[in-house]
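# Results of the structural survey
Letter by letter, the chains look like this.
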Amino acid sequence: MGGIKMTELNPRKTQIAIKQIKDYFETKLAEKLNLIRVSAPLFVTPNSGLNDNLTGVEKAVSFEMRKYNEMIEIVQSLAKWKRMALKWYEFNIDEGLYADMNAIRPDEVLDNIHSIYVDQWDWEKIIKRSDRTMEYLVHTVENIYNVFRETEDYISELYPDIFTKKLPKDIKFITSQELEDLYPNETPDEREYLIVKKYKAVFISKIGGTLKSGISHGTRSPDYDDWNLNGDIIFWNPITEEALELSSMGIRVDKEALEKQLKLSGAEERKTLDYHKKLLNEELPYTIGGGIGQSRICMFFLEKKHIGEVQASVWTDQILKECKENNIFLL
């Protein structure tokens, strides 16, 4: 475990610490990126085109408004809704919003870092067309990483006898192709493990397109991130000895990137949806945005072995049995 101490917080004190971390982090994030908090939907209509398709295979949870004979989908993320909201609320360049996003992902394979319940901060900010560059993306990632480090300082000061600082001074930047070139014989997951174990905090960029090997580092929906201007923030978790993705983010597609990525994905039928029409007609602002996992942040900073220690969800009998045998208290 690399000398890192296990948490000594009992479940009640853990609940207090969770709120301390969330309150501090979202305040600092809003200050650093010039964001304000807004209310966000829990569900949308399928024909709006606003729901996130994630990797393209996950099926959204849906239900019927019985008195109105209309189907509704629970959001999988707010990636598209946020961009629309920036226009609706008349935000200006360099201004943005964030919201608490709660989702249900029934296709998730459960383990110590994956739950069918997702809670994250979804944020989005208007940028200039000239800001659609890797340099701007890197600068934004560095700002967010500073929020992580400040939060680590904060929680370490609150509980100096329990928690140890784990983050390096700087975050390592690497593209998915550079990572493949570095570890050509490993799978994308194995590459992430190796690079994050070495540098402790890494931003892997340019995810979604096909690499030289003919595969992709990871699948991405074609209609929100520009695959050349996106990436994931991943930390090394010494408690579980694994790579822990804490944020997926990127500069969003413009008209050209949307058309290209829809074609590559075989998803050109989406052009008929209202959201996509607005993008193709250049009616929406240029933006950058992402999601930051709330429970994963708490799991990381509070040095928990299982995400169920910081969020209330549903687990299989086998997982409950294993956690009980290992003295892991699930909320």
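First, a word on scope: everything that follows refers to the structure included in this document. These figures come from a predicted structure and were not determined experimentally. (Residues numbered from 1 in each chain as written. Predicted model: local features only at pLDDT ≥ 70, side-chain atom pairs only at ≥ 80, totals over all residues. Heavy atoms only, no water.)

## Some points on a nonpolar patch on the surface
Where nonpolar side chains cluster on the molecular surface, the patch consists of Leu 42, Phe 43, Phe 63, Met 65 and Tyr 68 and spans about 500 Å² of accessible area. One can find Phe 63 in strand S3 (residues 62–65). (Patch = residues over 30% accessible without salt bridge, like charges linked within 9 Å, V, L, I, M, F, W, Y side chains within 5 Å. Areas by Shrake-Rupley, 256 points an atom, 1.4 Å probe, with all protein chains shown as cover. Salt bridge = Lys/Arg side-chain N within 4 Å of Asp/Glu carboxyl O. Helix = DSSP H or I, 4+ residues; strand = E, 2+ residues; numbered from the N terminus.)

## Some words on helix H6 (residues 255–265)
Think of an α-helix as 3.6 residues a turn; residues three or four steps apart then line up on the same face. Among all positions in H6, only Ala 257, Leu 258, Gln 261 and Leu 262 are buried. The buried residues of H6 occupy one face: seen down the axis, they fall within an arc of 125 degrees. Opposite the packed face of H6, turned more than 90 degrees from it, sit the exposed residues Lys 260, Lys 263 and Leu 264. The elements touched by buried residues of H6 are strand S9 (225–237) and helix H7 (274–280). Taken from the residues just after H6, Gly 266 is the one with a positive phi, measuring 65 degrees. (Buried < 20%, exposed > 50% of the residue type's maximum accessible area, 1.4 Å probe, protein only. Arc of directions from axis to C-beta. Contact = heavy atoms within 4.5 Å.)

## Brief notes about unusual backbone geometry
Non-glycine residue Glu 90 carries a positive phi angle of around 60 degrees. Within the element layout of this structure, Glu 90 appears in the loop between helix H2 (79–88) and strand S5 (96–104). Classification of Glu 90 by relative accessible area gives exposed; the value is 67%. Unlike most non-glycine residues, Glu 303 shows phi in positive territory, near 55 degrees. Along the chain, the position of Glu 303 falls in the loop between helix H8 (294–301) and helix H9 (317–325). When its relative accessible area of 1% is taken as the criterion, Glu 303 is described as buried.

## Examining the pairing of strand S6 (residues 117–126)
Counting buried residues along S6, nine of its 10 residues qualify, which places the element largely inside the surrounding structure. Inspection of the sheet shows S5 paired to S6 by nine bridges, in the antiparallel sense. Its bridge partner lying in S6, Ala 99 is registered against Asp 122. Note: S6 against strand S11 (residues 287–293), seven bridges, orientation antiparallel. Of the residues in S11, the one forming a bridge with Lys 125 is Ile 288. (Pairing = 2+ DSSP bridges.)

## Describing the sheet that holds strand S2 (residues 43–44)
In space, the three strands of this open sheet follow the order S2-S4-S3, with antiparallel pairing throughout. The open sheet terminates on both sides in strands that have one partner only, identified here as S2 and S3. Alignment of S3 against strand S4 (residues 70–74), held across four bridges, turns out to be antiparallel. Bridge pairing in S4 places Met 65 opposite Glu 70.

## Some words on the packing of aromatic side chains
Centre distance and the angle of the planes are the two values used to describe a pair of aromatic rings. Counted by the stated rule, this structure contains 12 aromatic pairs. For the ring pair Phe 43 and Phe 63, a centre distance of 5.5 Å and an interplane angle of 80 degrees mean the geometry is edge-to-face. Here Phe 63 lies in strand S3 and Phe 43 lies in strand S2, a separation of 20 residues in the sequence. According to the relative accessible area criterion, Phe 43 is partly exposed, its value standing at 42%. (Phe/Tyr/Trp six-rings, centres within 6.5 Å; stacked < 30°, edge-to-face > 60°.)

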